[in-house]
Amino acid sequence: MRQNVITRLSFCFMLVMSLFACDKSSEVLQENGEVSISISSGIEQASSRAVVEYPEERYTGKYYVYNSDGSYLSDGPLTSVLTIDGLTSGQEYKVVLLAVPSEQAYEITTGSTESDPSYNEAKTQYQGEGTQYGYEIFRDVLTIRPTVSNTDFNAVLTRQNGAIEIRIRNMQLSEVTLQVNGKQYMYFHDGTGGEVFSDTDLTLTRTLTSDQLTSSETRIRINLLPQEDITDDNGDTNFLKITTTSGAETRYPLKSSEGSIPIYPNQVTWLTLGNGGEGSEGGFTVDFSGSGGGIHLEDHIWDGWQDNY
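About the cut-offs
- The numbering scheme is per chain: residues are counted from 1 as the chain's sequence reads.
- Given that the model is predicted, a residue must reach a pLDDT of at least 70 before its local features are reported, and side-chain atom pairs must reach 80 or more before they are shown or counted; all residues, however, enter totals for whole chains, interfaces and linings.
- The basis for the side-chain values is all heavy atoms of the structure; hydrogens and waters are excluded.
- Going along the chain from the N terminus, every DSSP run of H or I of four or more residues is numbered as a helix, and every run of E of two or more is numbered as a strand.
- Partly exposed residues are those whose accessible area sits between 20% and 50% of the maximum for their type, while under 20% is buried and over 50% is exposed, using a 1.4 Å probe and protein chains only.
- Only heavy atoms matter for contacts: two residues are in contact if any of them lie within 4.5 Å across the pair.
- To be clear on the numbers: accessible area is Shrake-Rupley with a 1.4 Å probe, and residue cover counts the displayed protein chains and nothing else.
- Strands qualify as paired when DSSP identifies two bridges or more between them.
- Ring pairs are drawn from Phe, Tyr and Trp, using the six-membered ring of Trp, whenever the two centres fall within 6.5 Å, and their geometry is named by plane angle: stacked under 30 degrees, edge-to-face over 60, tilted for the rest.
- Whether a charge lies above a ring is judged from NZ of Lys or CZ of Arg, which has to be within 6 Å of the ring centre and within 35 degrees of the ring normal.
- A pairing counts as a salt bridge when a side-chain nitrogen of Lys or Arg comes within 4 Å of a carboxyl oxygen of Asp or Glu.
- Throughout this description, the term nonpolar core refers to a set of buried Ala, Val, Leu, Ile, Met, Phe, Trp, Tyr and Cys residues connected via side-chain atoms within 4.5 Å.
- Nitrogen and oxygen atoms within 3.5 Å of one another constitute a polar contact, given that in protein one can donate a hydrogen and the other can accept it, and given that sequence-neighbouring residues count only through two side-chain atoms.
- Every residue carries a pLDDT, the predictor's confidence in it, which falls somewhere between 0 and 100.

Q: Got a sec to walk through the overall build of the chain? Specific residues and values, please.
A: Along the backbone of the chain there are 1 helix and 17 strands. For the chain, buried positions account for 44% of its 309 residues. Within the chain, residue pairs in contact and separated by at least 24 positions form 70% of the contacts whose partners lie at least 6 positions apart. Surface exposure of the chain reaches about 15400 Å², of which carbon and sulfur atoms provide 47%.

Q: Could you give an account of the pairing of strand S15 (residues 249-253), with specific residues and numbers?
A: Sheet topology note: the strand S14 (residues 239-244)/S15 ladder contains 5 bridges and is antiparallel. Residue pairing for S15: Thr243 is matched across the bridge by Glu249. The antiparallel pairing of S14 with S15 creates a hairpin that spans 4 residues between the two strands, and Gly247 there sits at a positive phi of about 100°.

Q: For the packing of aromatic side chains, give the residues involved together with the corresponding values.
A: Aromatic rings in a pair are described by how distant their centres are and how their planes are angled relative to each other. For the structure on display, the rule yields 6 aromatic pairs. Both rings, one in Tyr66 and one in Tyr72, keep their centres 6.2 Å apart while their planes meet at 75°; by these two values the pair is edge-to-face. By way of ring pairs, the aromatic residues Tyr54, Tyr59 and Phe138 are connected into one cluster. Above the face of the Tyr185 ring, Lys123 is positioned so that its terminal group lies 5.1 Å from the ring centre.

Q: Explain the pattern of salt bridges residue by residue, including any values.
A: What the rule picks out here adds up to 10 salt bridges. The residue Glu217 makes a salt bridge to Arg169 at a minimum N-O spacing of 2.8 Å. Placement of Glu217 in strand S13 (residues 217-224) and of Arg169 in strand S10 (residues 162-169) is noted, with a sequence separation of 48 residues between them. For Glu217, a relative accessible area of 24% puts it in the partly exposed group. A salt bridge links Arg219 to Glu217; its shortest N-O distance comes to 2.9 Å. Within this structure, Glu165, Arg167, Arg169, Glu217, Arg219 and Arg221 form a network of salt bridges that share partners.

Q: Quick one: what's the story with the nonpolar core, residue by residue and with numbers?
A: Of all hydrophobic cores here, the largest spans 27 residues; its most connected members are Ile164, Ile166, Ile168, Leu178, Leu240 and Leu254. Elements with a minimum of two residues in this core: S10, strand S11 (173-190), strand S12 (196-209), S13, S14 and strand S16 (268-274). At 4 residues, S11 tops the list of elements feeding residues into this core. Those residues in contact with Leu178 that sit more than four places away from it in its chain are Ile164, Ile166, Leu204, Thr205, Arg206, Ile220, Ile222, Phe239, Leu240 and Leu254. Grouped together as the second largest cluster of nonpolar side chains are 22 residues, Tyr59, Ile84, Phe138 and Ala155 included.

Q: Which residues make up the environment of Arg139, and what are the values?
A: Inspection of the secondary structure assignment puts Arg139 in strand S8 (residues 138-144). Linking Arg139 and Val196, residues 57 residues apart in sequence, is a C-alpha distance of 9.9 Å. At a separation of 3.1 Å, a polar atom in the side chain of Arg139 contacts the main-chain carbonyl oxygen of Tyr187. At 3.1 Å, the side chain of Arg139 and the backbone oxygen of His189 are in polar contact.

Q: Tell me about the side chain of Lys123, and please be specific about residues and values.
A: With respect to the secondary-structure elements, Lys123 resides in strand S7 (residues 123-125). For Lys123, a relative accessible area of 16% gives the class buried.

Q: Outline the environment of Ser68, supporting the account with residue identities and numerical values.
A: Relative to the helices and strands, Ser68 resides in the loop between strand S3 (59-67) and strand S4 (72-77). Note on Ser68: relative accessible area 54%, which makes it exposed. Through-space distance from the C-alpha of Ser68 to that of Arg145 is 9.7 Å; in sequence the pair is 77 residues apart.

Q: Describe unusual backbone geometry, listing the residues and the values that go with them.
A: Located in the positive-phi region is Thr200, a residue other than glycine, with phi close to 70°. Phi is positive for Asn266, which is not a glycine, with a value near 60°. Relative to the elements of secondary structure, Asn266 occurs in the loop between S15 and S16. Overall, the relative accessible area of 6% leaves Asn266 in the buried class.

Q: Could you give me a rundown of the confidence of the model for the chain, with the residues and numbers involved?
A: Here the chain averages 83 in pLDDT, while 77% of its residues score no lower than 70. Here residues 292-304 scores under 50 on pLDDT; set against residues more than four positions off or in separate chains, the count is 30 contacts.

What follows is the structure in structure tokens.
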């Protein structure tokens, strides 16, 4: 009798273990299977840090998917809720989301003679002509490892370009020209903290004429991909040229009394000329807060971008 009980218990235990093993085997099979994922995309607004659902009617966007080894997998148009099929559960992927305002009217491409360059080699043209000083570009890069139970992801695209803006105060002007050396291409991949990588020089020029100028304060802006320092002591490439109403012409090299003039993503670098001749000796006054109070980088946080400029 006792032997029969033991036999039955042993059988039950083996049955439970067998069912558990089958269940685990099925779970492993599912987790290693093919999955579809969903990415809900938002975009950061210009005049605040508020994030809104990606507005498909106002932007042209694309997404690119890369395997863990950086090889190209797929791409397609970016939508506010994006579905990507055919991914392997448990495998790591890079998903790059890019967007530009629709009025810029150009197609986002990989910027390469290769049809499908790798994650580290792929890049897109940001500006192609010297008069495209108002162009913008937005990006987010996701590193994901989807599973059967983890298929929903979120993305927030932020402005990758910065801008240089010069304020000219208390001068009677007939013409103002700003010229800056920018970068033509932005790489898909980012660095630590979302660093922007770029290449290929492009000279950008903007000119304001008399009907666009005021005596109290004139502002002139050019959008640029980030750079560590656009200082040009001799003014060979980066300079401001002003012509007064009396016909006098002066060229100011872009140099700073603070030592450098950096361009950061999603941030305006303000330079001030005027009020006693700043710019002629030590260089321009640099400000990141827009208040005219000097460098404001205590927390290195974006201080605002006004589209109504």
